[in-house]
Amino acid sequence: EPEVTQTPSHQVTQMGQEVILRCVPISNHLYFYWYRQILGQKVEFLVSFYNNEISEKSEIFDDQFSVERPDGSNFTLKIRSTKLEDSAMYFCASSPQGDARAGYTFGSGTRLTVV
Amino acid sequence: GDSVTQMEGPVTLSEEAFLTINCTYTATGYPSLFWYVQYPGEGLQLLLKATKADDKGSNKGFEATYRKETTSFHLEKGSVQVSDSAVYFCALSRDDKIIFGKGTRLHILP
C-alpha cells in the first residue's frame, strides 16, 4: 500500500536553529498538508498546499514557518528559528483530490525536540 | 468552531474485554467522521470512517456509528487484543481540513 514517508523520525535542535522536515507524499496525490501534535494535546492543522501554493494556513503557521515542494517528490516544512514551544510531533499528509471527507494518508511523523 | 471531544485516557483493559471509546463532536454542516489509530512508533492510520448520519464504519473488528441526534461517533470492539494497544484519535472533516480530538491511549493487558 502506498505510504507517505517522513524523515527524520526524530530531530533534536538547539533553540534558534533552522530545521527542515522532509516528506515524500504518495506519488499521484496533489494536495499536501502539515499537522503537528504537541505532547498530550490535539493534532493541529498547520498548512495545506496545492499547485505549488499554500491553500490555507492556521494561526500557528506564522512567518517562522514555510513550506516548499522543491522537486517532484519532496514536500518540506522549514522552521527558520526554532523555539522551545515548537517541540512537537509533525505529521505530513497527502490526498489525491483534497477532499477531507475521504480522509488523508498520514506519514509516521517527525518528533522535533528543541533544547 | 468545529471540534471533537473524546474520553481521556489512558484506558486499560484485559485481553478479550469489550471496548468503548467515547467521541462527541460539534460541527456545522455534515462532516465525515473518522477514527485514526497510531500504533507505537508509527504514523496516523485511518481505522474507519462514516460519511453521513446512521452510517456505520468498521474495520479490524472495530466499529463506530455516526449518530447525528447525539452528535457522537463512539468506537467499539467486542473483544480487544494486546495488539490493539495504541492511541486512538476521533476526527471530523471541515472544508479541506481534518480536525482531531486529543487522542485516547489504550493499553491491553494479556
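Here the structure is a predicted model, which means the values were calculated and not measured.

Novice: Where do I start with the overall build of chain B in this structure?
Specialist: Check the secondary structure of chain B and you find zero helices and 12 strands. Counting from the amino terminus, chain B carries its helices and strands in the arrangement β-β-β-β-β-β-β-β-β-β-β-β. The principal-axis extent of the C-alpha atoms belonging to chain B is close to 40 × 25 × 20 Å. In chain B, which comprises 110 residues, the share counted as buried stands at 48%. In chain B, once contacts between residues fewer than 6 apart in sequence are set aside, the share between residues at least 24 apart is 55%.

Novice: Help me understand the nonpolar core, please; the structure alone is not making it clear to me.
Specialist: Most often, soluble globular proteins have nonpolar side chains that are buried together. Trp35(B), Leu47(B), Leu48(B), Phe73(B), Leu75(B) and Tyr88(B) are the most contacted members of the largest nonpolar core, which has 27 residues in total. Put simply, the parts of the chain that give this core at least two residues each are strand E2 (11-14), strand E3 (19-21), strand E4 (23-26), strand E5 (33-38), strand E6 (44-50), strand E8 (62-65), strand E10 (86-94) and strand E12 (104-109) of chain B. Considering each element in turn, this core owes the most residues, four residues, to E10(B). The next biggest cluster of nonpolar side chains, apart from the first, holds 21 residues, and it includes Leu21(A), Phe49(A), Phe75(A) and Cys92(A).

Novice: In this structure, what is going on with the sheet that holds strand E3 (residues 19-24) of chain A? I would like to understand it.
Specialist: Whenever strands of a sheet pair, they do so through backbone hydrogen bonds, lying parallel or antiparallel. Residues and elements named next belong to chain A. What the four strands build is an open sheet, ordered E1-E3-E8-E7; its pairing is antiparallel. Only two strands of the sheet have a single partner each, and these edge strands are strand E1 (5-7) and strand E7 (65-68). Geometrically, the sheet is characterised by an average inter-axis angle of 20 degrees between neighbouring strands, direction not taken into account. Sheet topology note: the E3/strand E8 (residues 75-79) ladder contains five bridges and is antiparallel. Directly across from Val19, in E8, lies its bridge partner Ile79.

Novice: What should I look at first to understand the interface of chain A and chain B in this one?
Specialist: Interface size, as often reported, equals the accessible area lost upon joining of the parts. On the side of chain B, 22 residues touch chain A, which itself brings 20 residues to the contact. Buried area between chain A and chain B, both sides added, is near 1800 Å², and the carbon and sulfur share of it is 52%. Considering only the surface of chain A that becomes buried against chain B, Lys42(A), Arg101(A) and Phe106(A) emerge as the three largest contributors, covering 34% of it. Across the pair Glu56(A) and Lys97(B) runs a salt bridge whose closest N-O atoms are separated by 2.5 Å. Here chain A and chain B share eight residue pairs in polar contact (both at pLDDT 80 or more) between them. Mapped by element, the contributors of at least two residues to the side of chain A that touches chain B are strand E4 (31-37) and strand E5 (43-50) of chain A.

Novice: What's the story with the sheet that holds E8(B) in this structure? I'm lost.
Specialist: All names here are of chain B. Strand order in the open sheet formed by four strands is E3-E9-E8-E7, with antiparallel pairing between adjacent strands. Both edges of this open sheet fall to E3 and strand E7 (56-59), since each of them pairs with a single strand only. Adjacent strand axes in the sheet meet at a mean angle of 20 degrees when their direction is disregarded. Across four bridges, E7 lies against E8 in antiparallel orientation. Bridging across to E8, Ser58 finds its partner in Glu63.

Definitions and limits used
- Residues numbered from 1 in each chain as written.
- Chains lettered and ligands numbered in written order.
- Predicted model: local features only at pLDDT ≥ 70, side-chain atom pairs only at ≥ 80, totals over all residues.
- Heavy atoms only, no water.
- Helix = DSSP H or I, 4+ residues; strand = E, 2+ residues; numbered from the N terminus.
- Buried < 20%, exposed > 50% of the residue type's maximum accessible area, 1.4 Å probe, protein only.
- Contact = heavy atoms within 4.5 Å.
- Core = buried A, V, L, I, M, F, W, Y, C linked by side-chain atoms within 4.5 Å.
- Pairing = 2+ DSSP bridges.
- Axes fitted to C-alpha atoms, helices over the stretch in contact; angles between N-to-C directions.
- Buried area = accessible area lost by both parts, 1.4 Å probe.
- Salt bridge = Lys/Arg side-chain N within 4 Å of Asp/Glu carboxyl O.
- Polar contact = N/O pair within 3.5 Å; in protein donor to acceptor, adjacent residues only side chain to side chain.

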